[in-house]
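In case you want the letters, here they are:
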Amino acid sequence: MKRQHPPDDDEDGRGKPKAREDQAQALDLNATPRGFDLNAPFSEEEGQEWIAGSGQEDALHREIFKQHLEPAADLGIDEDLDILHSIWSAWTQENWQRLDEILESVLDEISRFPSSPPRYQYLTCFYISKKLPNAFCLPRTYKALLSFLDSSPSEASTKKQNFLPGFSCKLLFRAFNEKPEWPLEFVQAYLDDAINLRNWVDSEHCKEFVANILTSFDEDLTVGTEDPSDVKGDTAQQCSLKNRYPGDEIRQKAKAEFMQALNHLLKVPLIKENPRILRMLTLGVNYEEVRVIASSMMEGWLNTPFHFRRAKLLLDRVLHFTNGTTMKDFETVANILSLRLNQGVSQMKNASTSFYTELVIQIVQKRPEYSSLALKTFLTAELNSTGPHNMKGISVVLKALPDSLSPERALALVIKELVLSDDHVGRLQEAVTRVLKQLKEISPCLLCRALLEPWDSILQQQDSARQSWFKQVIELSCHFLIQAATPFSSDEKFLVAISATGKRSRDESLKEILPLFKDLSMKIMTFQEEALTWCVDVLSSQLSAGDCKFFTTAVQKLMFLEPVEEYNLSSSSGTVELNSFQLVAFSMHASEEVLARIILMGISNQFPMQQEDALHIIEKLVWRAAASDKHAFGTLFADSLQLPAAIMKLSSFYLPSVSRQPLPQLVIKDLYWRSCLVIIVIAAYNPATIGKSVWENFPSVRYLLQYLITEGTKSGLSAADILEDKEAVLNDIKAEEILDSFLIKELECEPTNVMEPWKGNIMLLNTQTNRRKPPTYILEELKDIEPSYDLGRRIRSCTEPSFLCNTVSSQDFKEAWEWIQKVAGKQPEVLGMLPCDWQVTSFSAPKL
């Protein structure tokens, strides 16, 4: 038989120019037939090259080659090359159907001997796959090759001897190596074998083909395999690894096939004992659904020595791909955080605690959202059942936070979220209290301040839910602030030292604890100011005008002015929490900044608080600070000369819904005199500034100061510049008549309806001096509170200005001697503070 020579590069087999390009474009068969020479002998070197394909040695194919390869002369070329001649003839005639049938028949012959394929057909296929690789893309040939990859239970007994899968993978890889997109059937064949017998997916001979199929599950070629180390082969294999499924549509189809195969595998009994599930989950971690499943099954594998290495690999890959903010990402993180690892796992080298710690740190440092989720997970677990694991987890998370997020703020964000979703605030309060006691690095004061920071999520809630949330956050803030004082509340010497003795303790044993308490007091003062700012900026904006009671109660509670029963103190702690409560209240101050904010709440229409309620809060703050100032100087410090006038504004009377009032000097009697009492206390503790100012500008307050100086002696008040009661009453009646006329003329309404609540309780101040005589009940009240705050002694002891000298300067000695003797009996140093001529006269004056 005459041998055919291969065509030249510019001719076809008939000596004519090539004309097959358009006809064979789909198969692209004319792209690789260079060197197709039937007369060339089968040398061992060429056989090795055909078998290796990309240059690497294949042990399986080399074994077949050595068994059957003989010199060309012994093959009987003229007789035994019919297959090659037939393939050549079909190719030169462009008879693709015939070429497909020939290759199918060859493959069919090979399939009959899977453990020992015929040498001639076997080597012929490899030769054709190298010279004409696209021929194996023909439909029937392609189908036959796919059948070799079928994973059937009947093949289990011959798995080791079956050469067909490796043979098929090699041919299919060569056939589709240059294709821009591989068919979905490869993915289906891989998954079918992966969840069944795994005849070829783990074979070294199919490694290159498999690695390229796995790119359908992940675009990252360095992790697109069941084990990232598997792709670290030689350079030739890495060069042939490409993304074979680049389109979104084909990747979605591949995902659907994977999930179907995984769901089928999950239905297998005792699936946790099946290593195939670990391999499949490791392969599909690019899918968030798979990561959720993998994280939920992880604990058992990590605690089993046999599965630990692969489970650890799976866990690492789950963490690698989990970096989003979808619900499934959060579910995956929550599953990982809930892992409980045994100490005795040998692969962990008895260091499961450190392993878990590193795991938590890795999660926290991925995203800020994950740190919140980690805290929420551990804190929720602590709510349900206490345990060292929860505390350890919380501690690890707080230490791993970035510098931009403080532990207290991170914990506060989680508490706010739990308050919104959990009705059992009592259990939350107890759990956080345990956290504060065990984790000393968390500052309760800073936590309270963080709880009162604005939180946008509450804006999306309904009004009733918002109000309930605000109430619970306020309760928690107060409770945690009480916990801050707990270290001091059990020290009896310290409690005695700051009790109402009026003297500072000189006990040497308190030198260390007193500075610490002073530092705590400063933090509590800071909380007090920030709490008021929160009430002004946040709380008031979320409440309606009808929520006055709730707003007022909230302010009082944050200022620790509510009864102790309202703070839900633990009965099991005995008197410790009660003492802590008193220490916190003791540390609250009544500075002018605090008072100014409360005054603003009372006089502005922007805040749901009545004037009377604001004044009531100021009274409590001032009187409590006055009591505390005997032991902690500065809690009632003020030097703004506008403060008394601002307090007086809380007593002003305004007609509702009227922008321009008919009489600007109207005040409500009861509120006015209560304001005067508050100013008296502030003046007594700040005589050089507030005291001097009110003495000069507020005659009514000056009258009360003289009442304190002379201890209410009638002769001592004879020089007071005060309007008589009859004249004052006439002015008040005239003011009510003006209001009635204004209501009828301007507002066209019945005066009785508007003025009924205020009838007889409105007072018109003199526009020049505001001179009004205090009512008897105010003088009696001042007399009652004076001993508690030692007001008279404070005012008389002031030398700059000297209120004592100013009082006696307007009286003669005989008139003043009565009250001077009365005062000197309690405060002898008063005599030395009198003017010099009065001191000389007092020695010869008769004793009463």
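The structure presented is a predicted model; accordingly, all values stated were derived computationally and were not measured.

Draft legend 1. Spatial organisation of the packing of helix H14 (residues 275–283) against helix H15 (residues 288–302). At their nearest, the axes of H14 and H15 sit 10 Å apart, and the two run at 140 degrees to each other. Our classification of the angle between H14 and H15 gives oblique. Where H14 crosses over H15, the handedness of that crossing is left-handed. When H14 is examined against H15, the residues Ile277, Leu278 and Leu281 are found in contact with a partner set consisting of Val290, Ile293, Ala294, Met297 and Trp301. Split by residue class, the contact of H14 with H15 holds 8 nonpolar, no polar and no charged.

Draft legend 2. Focus on the nonpolar core. With 256 residues, the main nonpolar core has Tyr190, Leu379 and Ile415 as its most contacted residues. It is helix H33 (residues 669–685) that provides the largest number of residues to this core, a total of 13 residues.

Draft legend 3. Expanded view of the environment of Trp301. Checked against the element boundaries, Trp301 lands in helix H15. Judged by its relative accessible area of 2%, Trp301 falls in the buried class. The sequence separation of Trp301 and Leu278 amounts to 23 residues, and the corresponding C-alpha distance is 8.9 Å.

Draft legend 4. Examining the packing of helix H19 (residues 368–384) against helix H20 (residues 388–400) more closely. Relative to each other, H19 and H20 sit at 160 degrees, their axes nearing to 9 Å. Judged by the angle between their axes, H19 and H20 are roughly antiparallel. The two elements H19 and H20 meet at a crossing, and its hand is left-handed. Of H20, the residues touching H19 (which contributes Ser371, Ala374, Leu375, Phe378, Leu379, Ala381 and Glu382) are His389, Asn390, Met391, Gly393, Ile394, Val397 and Leu398. The residue inventory of the contact of H19 with H20, partitioned by class, reads 9 nonpolar, 4 polar and 1 charged.

Draft legend 5. Focus on helix H5 (residues 82–92). Across the 11 residues that make up H5, a large majority, 8, are buried. Of the residues making up H5, those classed as buried are Ile83, Leu84, His85, Ile87, Trp88, Ala90, Trp91 and Thr92. On the buried face of H5, the contacting elements are helix H6 (96–111) and helix H7 (119–131). Glu94 sits one or two residues past H5 and shows a positive phi near 55 degrees.

Analysis parameters
Residues numbered from 1 in each chain as written. Predicted model: local features only at pLDDT ≥ 70, side-chain atom pairs only at ≥ 80, totals over all residues. Heavy atoms only, no water. Axes fitted to C-alpha atoms, helices over the stretch in contact; angles between N-to-C directions. Helix = DSSP H or I, 4+ residues; strand = E, 2+ residues; numbered from the N terminus. Parallel < 35°, antiparallel > 145°, perpendicular 65-115°, else oblique. Left-handed = near helix turned anticlockwise from the far one by under 90°. Contact = heavy atoms within 4.5 Å. Nonpolar A, V, L, I, M, F, W, Y, C, P; charged D, E, K, R; others polar. Core = buried A, V, L, I, M, F, W, Y, C linked by side-chain atoms within 4.5 Å. Buried < 20%, exposed > 50% of the residue type's maximum accessible area, 1.4 Å probe, protein only.

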